[in-house]
Amino acid sequence: MKKTALLIIDAQYDFCDPNGTLYVPGAEKDVERIANLIALEGDKIDAIFLTLDTHKVLDIAHPLFWEDQNGNTVAPFTLISVQSVKAGKWVPRYQPEYVLEYLQTLETEGEFQHFIWPEHCLIGSKGAAIDDTLMRAVLAWTHRTRRDYRTVSKGINPLTEHFGVFKAQVPVANAPETELDERFLAELDTFDQVLVAGEARSHCVATSIRQIVKYAPALAAKVVALTDCMSDVPNFGHFADPIFEEAAQNGMKFAKANQVFKEN
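This structure is a prediction, so every number in the text was calculated from the model and none was measured.

Asks: Let's hear about a nonpolar patch on the surface: which residues, and what values?
Replies: A cluster of nonpolar side chains, contributed by Val57, Leu58, Leu64 and Tyr94, occupies part of the molecular surface with about 280 Å² of accessible area. For Leu64, a relative accessible area of 34% translates into the label partly exposed.

Asks: Help me get a handle on the pairing of strand S8 (residues 193–198), residues and values and all.
Replies: Put simply, side chains in a regular strand alternate between the two faces of the sheet. For S8, a buried count of 6 out of 6 residues is recorded, marking the element as mostly surrounded by other parts of the structure. Neither face of S8 is exposed, since Gln193, Leu195 and Ala197 on one face and Val194, Val196 and Gly198 on the opposite face are all buried. Both strand S1 (residues 4–9) and S8 contribute to a ladder of 6 bridges, which runs parallel. Residue pairing across strands places Thr4 opposite Gln193, the latter belonging to S8. Pairing analysis gives 3 bridges linking S8 to strand S9 (residues 223–226), with the strands arranged parallel. Residue pairing in the sheet places Val196 in a bridge with Ala225 of S9.

Asks: An account of the packing of aromatic side chains is needed here, citing residue identities and associated values.
Replies: Overall, the coordinates contain 15 aromatic pairs when judged by the stated rule. An angle of 50° between the planes, with centres 6.2 Å apart, marks the rings of Phe65 and Trp66 as tilted. Trp66 shares its class with Phe65; the two are buried. Here a set of aromatic residues connected by ring pairs shows up, and it is made of Phe77, Phe112, Phe115, Trp117, Phe163, Phe236 and Phe239.

Rules and cut-offs
- Residues numbered from 1 in each chain as written.
- Predicted model: local features only at pLDDT ≥ 70, side-chain atom pairs only at ≥ 80, totals over all residues.
- Heavy atoms only, no water.
- Patch = residues over 30% accessible without salt bridge, like charges linked within 9 Å, V, L, I, M, F, W, Y side chains within 5 Å.
- Areas by Shrake-Rupley, 256 points an atom, 1.4 Å probe, with all protein chains shown as cover.
- Salt bridge = Lys/Arg side-chain N within 4 Å of Asp/Glu carboxyl O.
- Buried < 20%, exposed > 50% of the residue type's maximum accessible area, 1.4 Å probe, protein only.
- Helix = DSSP H or I, 4+ residues; strand = E, 2+ residues; numbered from the N terminus.
- Pairing = 2+ DSSP bridges.
- Phe/Tyr/Trp six-rings, centres within 6.5 Å; stacked < 30°, edge-to-face > 60°.

In short, the description is geometric, and any link to function would need to be established separately.
Below you can see the structure in the form of structure tokens.
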């Protein structure tokens with residue numbers, strides 16, 4: 001039997017519950033399907049990894065970090081470009097020289113443009129917790145198999161976005177938590193297959209897949225994306241489509257949760 005890992009990306013309250021601050025429509029059904037997979041096929045899953053988006057209030061992608069030219073805090077869902085900052089439309093309240101360099105790097109490297117999100121997954125808050133339905137399934141799996149689940153935190157450094165599991169959008173000098181996590185990539189590569197699920201398909205899942213293709217291409221052929229266990233931030237699905245197409249060309253497979261082990 002194949003040695004299988006289940007990588008669940010950011011299945012947290014703020015993304016998965018309709019009352020969450022950055023709710024992804026459809027996510028509450030995604031976690032139900034992931035939980036059912038664990039309950040029904042858990043004996044075929046050798047390891048479960050849960051990533052945790054983890055932020056401070058004063059985060060470069062949160063409103064309070066920024067103000068407009070009148071000193072008002074920037075509204076969520078604001079797109080901020082290098083040009084708009086140079087023009088004085090948007091002003092970082094902290095480390096302005098670093099922030100401008102950060103934005104320039106984002107745009108030069110073709111990463112997502114800088115976007116302000118509602119405060120979400122704040123350290124220690126209910127919003128940062130794993131979805132209850134999923135957590136119950138994971139705990140039952142742990143007690144049944146006597147294998148503990150593993151957590152991987154990302155986004156802790158407030159000076160860079162950290163969509164992908166393996167590396168921040170722009171690594172921060174002398175901040176190893178923002179650098180490429182080669183050890184985790186190598187650990188996943190010890191499995192025969194890696195099932196990937198979680199939120200949001202358009203952002204953190206897609207960026208994680210892109211990082212696998214870029215930094216661990218041999219691992220890409222072991223990845224199975226559980227297509228009915230991830231949803232897009234509304235109007236952003238087009239960001240993920242070319243990433244998934246490139247991954248498929250590198251051997252990544254696609255399956256629904258109730259079919260993944262039947263196809264092995």
